[in-house]
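Each chain, written out:
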Amino acid sequence: MLELILVFPILFILLLAVIEFGLIYAATQYVSHASRFGAKLASEEPTAGLEDFNLSSGGSRLRTQIDNYLQTVEMGTGACRVILQHNVLGVSNPLQEDTSAMPCDCDPPVSNLPALEEYVRVTVCVPLEGNVPDLLATFGFSIQDRIIEESTTFHYEN
């Protein structure tokens with residue numbers, strides 16, 4: 001009985017850690033897929049529509065589609081930041097971000113897009129708080145203020 005009393009808290013913390021790690025991994029996969037989905041949408045958008053595809057003046061069409069996907073996989077908070085970068089010739093606004101969303105500490109990738117052809121890159125940032133239960137906060141391992149950031153680059157198809 002004494003052995004169980006001594007070992008049970010450690011086993012309980014390990015169990016919670018495994019569960020939380022699995023939930024974080026699943027959330028990362030969902031955000032990664034949302035980034036790929038957004039890059040696919042942007043790569044197929046006509047040149048005229050790409051001008052304001054992720055700006056509030058254009059209806060934030062990219063962000064809306066990504067948030068709809070995240071809600072279908074039950075990530076209720078949606079994205080805190082969606083960034084569209086492109087190097088499509090003849091289109092202004094090479095860096096688009098809808099600023100109407102809640103702010104989060106997530107910056108666009110610093111690497112440049114490949115220069116020889118036209119590409120689009122979509123970065124999706126989602127907070128863990130509200131999407132994954134903070135099971136280990138009681139034990140000093142909190143996921144509060146942590147953000148999942150995933151980027152995908154696709155070739156732009158005219």
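Residues numbered from 1 in each chain as written. Predicted model: local features only at pLDDT ≥ 70, side-chain atom pairs only at ≥ 80, totals over all residues. Heavy atoms only, no water.

A full pass over the atoms with the stated rule returns six salt bridges. As a salt-bridge pair, Asp 107 and Arg 81 come within 3.6 Å of each other at their nearest N and O atoms. One end of the pair, Asp 107, is in the loop between strand 2 (95-97) and strand 3 (119-127); the other, Arg 81, is in strand 1 (residues 81-86), and 26 residues separate them in sequence. Counted as one network, the salt bridges with shared partners bring together Glu 45, Asp 52 and Arg 61. (Salt bridge = Lys/Arg side-chain N within 4 Å of Asp/Glu carboxyl O. Helix = DSSP H or I, 4+ residues; strand = E, 2+ residues; numbered from the N terminus.)

Counted according to the given criterion, the structure contains two disulfides. One disulfide in the model links Cys 80 with Cys 104; its S-S distance is 2.1 Å. Handedness here is read from the sign of the S-S torsion; for Cys 80 and Cys 104, about 75°, the answer is right-handed. You can see Cys 80 sitting in the loop between helix 3 (61-72) and strand 1 and its partner Cys 104 sitting in the loop between strand 2 and strand 3, a full 24 residues away along the chain. The same class applies to Cys 80 as to Cys 104, namely buried. A sulfur-sulfur distance of 1.6 Å marks the disulfide that ties Cys 106 to Cys 125. Here Cys 125 lies in strand 3 and Cys 106 lies in the loop between strand 2 and strand 3, a separation of 19 residues in the sequence. Cys 125 carries the same exposure label as Cys 106, and that label is buried. Indicated for the protein chain is the disulfide connectivity 1-2, 3-4, based on numbering the bonded cysteines in sequence order. (Disulfide = S-S within 2.5 Å. Buried < 20%, exposed > 50% of the residue type's maximum accessible area, 1.4 Å probe, protein only.)

A word on helix 1 (residues 2-44). A turn of α-helix holds 3.6 residues, and therefore any two residues three or four places apart point the same way. Counted at 1.5 Å a residue, the expected span for helix 1 with its 43 residues is 63 Å, and the 64 Å between its end C-alpha atoms agrees. At Phe 8, helix 1 is deflected by roughly 35°, the largest bend along its length, and proline Pro 9 occurs up to four residues later in sequence. Every buried residue of helix 1 is accounted for by Leu 16, Glu 20, Ala 27, Val 31, Ser 32, Ala 34, Ser 35, Gly 38, Ala 39, Ala 42 and Ser 43. In this structure, the buried side of helix 1 is in contact with helix 2 (47-50), helix 3, strand 1, strand 3 and strand 4 (147-155). (Expected span 1.5 Å × (residues − 1). Bend = angle between axes of the 7 residues up to and from the residue. Contact = heavy atoms within 4.5 Å.)

Before going further, it helps to spend a moment on the side chain of Ser 35. On the secondary structure map, Ser 35 appears in helix 1. The class of Ser 35 is buried, set by a relative accessible area of 0%. Among all residues touching Ser 35, those that are not within four sequence positions of it are Val 122, Val 124, Glu 150, Ser 151 and Thr 152.

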